[in-house]
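# Analysis of the macromolecular model
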Amino acid sequence: MTMTTQLEDRKIDPAVALPAIDETAPREPHRQFALKHEDCFVVADSYGDIRGTGDGLFRDDTRVLSRFRLFIGGRMPSLLGASLSQDNILFTANLTNLATIGPDGSEALPSVVHIDRTRFIWQDRMFERITFTNYSAREVVLPVRLDFDADFRDMFEVRGTTRSRRGRAHDALVGEASVTFRYEGLDNVARQSVIAFSMKPDQVHPNHADFLILVARRDSRALYLEVGHSEETPSSDRFRAAAARARFAMRSKRRQGATVFSSGRVFNDWLTRTRADIALLTTDLQTGPYPYAGIPWFSTAFGRDGVISALQMLWLNPDLARGVLAFLAHYQSTETSVFDDAEPGKIMHETRKGEMAVLRELPFGRYYGGVDTTPLYVYLASSYADRTGDEAFVDRMWNSLGAATAWMEEVGARNGQGFVTYNRAAETGLFNQGWKDSSDAIFHADGTIPKGPIALVEVQGYAFAAYQGMAALAARRGDDAKAAHWGALAERLREAVETHFWMPDRDFYALAIDGEGKQCAVRASNAGHLLYVGLPSAERAQALATQLLSGHLHSGWGVRTLADDEVPFNPMSYHNGSIWPHDTALCASGLARYHERDSVVKLMSGMFEAAVRFNMRLPELFCGFTRAASDSPVAYPVACLPQAWSAGSAFMMLQACLGIRVDGWKREITVERPRLPIGIDNIVIRHLAIGEAKVDLIFERIGDRVVCYLDHRHEGLVPLVVRS
């Protein structure tokens with residue numbers, strides 16, 4: 001018998017039990033939570049609600065659930081707390097109902113029910129269990145409403161792009177315990193989203209379902225539901241089985257590569273969450289694992305983000321770099337396309353699967369408008385080879401690497417200095433094509449926008465490192481002519497950067513050189529990336545380090561993208577004064593290269609303390625306000641969270657502190673001038689792979705020194721060279 005029949009037996013009028021919906025409760029300051037599996041992800045608020053702004057359930061860059069809200073007795077429940085499981089699989093919201101008043105003014109439903117809302121994503125499907133537990137001394141009847149909708153908006157529409165026309169949305173199909181939304185896109189792809197319930201609603205409509213759920217005293221009732229592209233019948237068994245598979249898959253991802261443990265409990269919490277975020281964002285593609293950039297806006301394969309994330313994790317998990325390289329090689333451009341900003345040899349910037357990309361309403365289906373991705377790709381390949389000694393993989397990649405390097409040389413020949421420059425080929429493309437790609441991110445000292453083609457300072461550093469890497473690989477392959485050629489290109493580029501980018505009056509490198517050969521004479525964090533690749537002389541590196549750590553660029557939390565005394569500085573901007581963890585990590589790694597190890601410890605301390613205040617997750621970016629006593633970092637309102645290269649920054653900074661390098665050619669580990677993070681007395685790197693061997697490496701603070709040694713089980717197996 002249905003719940004309605006049960007209520008009639010108790011002489012309760014269902015019409016009275018289903019009051020009007022109150023939607024006046026504010027959304028803020030409640031956080032948003034993201035779950036992901038492969039190419040499907042969901043973003044919802046602390047209640048577990050989707051309200052149709054930037055949140056939703058997305059599949060292949062299309063929002064397949066744009067509204068999903070829970071009401072009890074016509075009102076939003078009261079939030080007790082919300083959290084993600086440590087492995088990023090389960091989202092849980094703890095709620096309670098608000099008391100409702102009957103027609104006679106008496107309390108019709110007291111606030112006595114605990115509501116546990118647990119959710120996860122598995123194989124393009126959202127699973128949810130809503131458990132109602134009655135803590136009163138009598139049975140209660142809960143009027144439960146779920147509101148829902150599916151707008152099938154393309155990701156770029158959700159981000160604000162306006163389309164002149166859309167496909168056809170069909171009327172929802174209402175079943176006994178399900179509702180099916182259907183949309184036929186202009187790309188002739190039929191998309192659908194099915195919401196199915198484990199129990200039949202008392203009333204079901206195209207956009208909401210009502211349940212009258214009887215919960216005995218001190219008892220619980222659970223409602224299961226699923227949202228997918230096909231109809232299945234939700235149940236407790238399906239929920240448990242899918243959750244177990246999801247957790248097992250995540251556990252396997254988190255165990256890839258070496259792991260890090262320290263003497264600090266909170267520090268360990270940060271590293272554990274960070275590793276889980278990287279695992280969450282890593283998608284298993286046919287070419288291997290690939291870290292998607294971030295949720296919600298960039299949950300796809302980006303070239304630059306993937307390469308930098310792989311570089312951050314290379315010392316711990318080189319398989320990630322191998323997967324990134326294989327994917328990018330597979331989609332390397334072989335033709336010229338103005339719309340796609342593509343040229344032969346160039347490496348992809350971004351790929352999308354949504355309707356707008358397929359229809360080429362915008363160029364991001366497979367877009368090549370990133371000037372730094374190609375040299376970074378080559379640099380990652382040489383770094384991977386040095387880390388692993390994997391000659392066979394380099395052999396398979398060699399033609400691709402040669403084509404990428406040829407593109408760099410060709411672009412460099414156009415300006416006579418060897419600089420790798422950009423100038424967007426079509427108006428639909430990105431105006432700026434470095435990592436600071438917002439339209440106002442590159443400017444002259446007076447704030448004016450420079451004319452192209454633009455040579456960014458950090459891109460020349462990446463190209464320098466790429467040429468050096470190719471020279472070393474060519475020498476190993478016995479091709480002395482190419483080794484000499486690429487080695488000479490690297491040195492010519494170094495000289496050109498030192499000559500044209502250095503600002504002697506400011507002891508710093510210019511942000512860029514414009515199309516007229518003029519310096520964009522501003523102090524920005526981009527110059528710190530030159531330290532990462534080892535381009536500057538020791539003297540200039542020292543001057544650069546001093547300024548990066550000064551109050552103008554270092555906020556106390558991290559390195560600002562722009563010095564606070566430059567004209568366009570705005571700590572709340574996207575690129576002109578904010579703090580990006582990956583940017584700070586690259587600067588820290590560069591400082592370590594020039595033996596500024598204590599400065600690295602300082603930067604890592606600031607980032608760790610910021611992460612603690614951000615609930616152990618570093619966002620894509622945060623505001624660049626100066627840190628004061630007892631302050632917390634200020635969030636950037638629409639930053640992606642989690643973000644792959646923000647998560648990976650923890651491990652890049654840790655490597656910089658420890659001074660560790662793994663030489664895959666010599667099968668040797670080198671540790672130089674190690675430091676431990678503040679408050680940490682020991683760190684163990686477990687199962688660090690070098691060739692076929694795996695070792696445990698231990699760092700320990702003894703007095704004012706840090707010692708490093710291999711676990712006794714591995715002595716003699718792998719050479720360890722420690723330089724203090």
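Read on for an overview of the structure. What you are looking at is a predicted structure, and each value in this text was computed from that prediction instead of being measured.

### Points about the pairing of strand S30 (residues 668-672)
In terms of burial, S30 is a largely internal element, 4 of the 5 residues being buried. Pairing between strand S29 (residues 660-663) and S30: 4 bridges, direction antiparallel. Within the sheet, the bridge partner assigned to Arg 661 lies in S30 and is Thr 670. Adjacent in sequence and paired antiparallel, S29 and S30 are bridged by 4 residues, among which Arg 667 carries a positive phi angle near 55°. Pairing of S30 with strand S34 (residues 720-723) involves 4 bridges; the strand directions are parallel. Bridge pairing in S34 places Glu 672 opposite Arg 723.

### Side note on the nonpolar core
Formed by 153 residues in total, the largest nonpolar core has its most connected members in Trp 270, Ile 685 and Leu 697. In terms of residues, this core owes the most to one element, helix H11 (residues 457-476), which gives 12 residues. Leave out the neighbours within four places in its chain, and Ile 685 touches Ala 258, Thr 259, Val 260, Trp 315, Leu 316, Leu 658, Val 695, Asp 696, Leu 697 and Phe 699. Of all hydrophobic cores here, the second largest spans 47 residues; its members include Ile 72, Ile 130, Met 199 and Leu 223.

### Examining the side chain of Thr 351
Here Thr 351 lies in strand S22 (residues 350-351). Here Gly 365 takes part through its backbone oxygen, which lies 2.9 Å from a polar atom of the side chain of Thr 351. The contact partners of Thr 351, leaving out residues within four places of it in the chain, are Thr 300, Ala 301, Phe 327, Phe 364, Gly 365 and Arg 366.

### Brief notes about the packing of aromatic side chains
Evaluated as defined, the whole model comprises 28 aromatic pairs. Where Phe 41 meets Phe 58, the ring centres are 4.9 Å apart and the plane angle is 15°; that geometry is what we call stacked. Of this pair, Phe 41 sits in strand S2 (residues 40-45) while Phe 58 sits in strand S3 (residues 56-59), and the two are 17 residues apart along the sequence. Judged on exposure class, the residue Phe 41 and its partner Phe 58 are both buried. Pairing Trp 270 with Phe 608 gives two aromatic rings, centres 5.4 Å apart and planes at 35°, and the pair type is tilted. Placement of the pair is Trp 270 in helix H5 (residues 265-281) and Phe 608 in helix H16 (residues 597-613), with a sequence separation of 338 residues. In this structure Trp 270 comes out as buried when scored by relative accessible area, which is 0%. A relative accessible area of 17% means that Phe 608 is categorised as buried. Among the aromatic residues, ring-to-ring pairing joins Trp 435, Tyr 574, Trp 580, Tyr 636 and Trp 645 into one connected group.

### Considerations on helix H7 (residues 318-330)
Over its 13 residues, H7 runs 19 Å from end to end, which matches the ideal 18 Å to within 8%, given 1.5 Å per residue. Here H7 has its buried residues at Pro 318, Leu 320, Ala 321, Gly 323, Val 324, Leu 325, Ala 326, Phe 327 and Leu 328. Structurally, H7 contributes buried residues whose contacts are with strand S20 (282-285), strand S21 (288-291), helix H6 (303-313), S22, helix H9 (373-388) and helix H10 (391-415).

Criteria and cut-off values
Residues numbered from 1 in each chain as written. Predicted model: local features only at pLDDT ≥ 70, side-chain atom pairs only at ≥ 80, totals over all residues. Heavy atoms only, no water. Buried < 20%, exposed > 50% of the residue type's maximum accessible area, 1.4 Å probe, protein only. Helix = DSSP H or I, 4+ residues; strand = E, 2+ residues; numbered from the N terminus. Pairing = 2+ DSSP bridges. Core = buried A, V, L, I, M, F, W, Y, C linked by side-chain atoms within 4.5 Å. Contact = heavy atoms within 4.5 Å. Polar contact = N/O pair within 3.5 Å; in protein donor to acceptor, adjacent residues only side chain to side chain. Phe/Tyr/Trp six-rings, centres within 6.5 Å; stacked < 30°, edge-to-face > 60°. Expected span 1.5 Å × (residues − 1).

The quantities given are spatial measurements derived from coordinates; they are silent on function.
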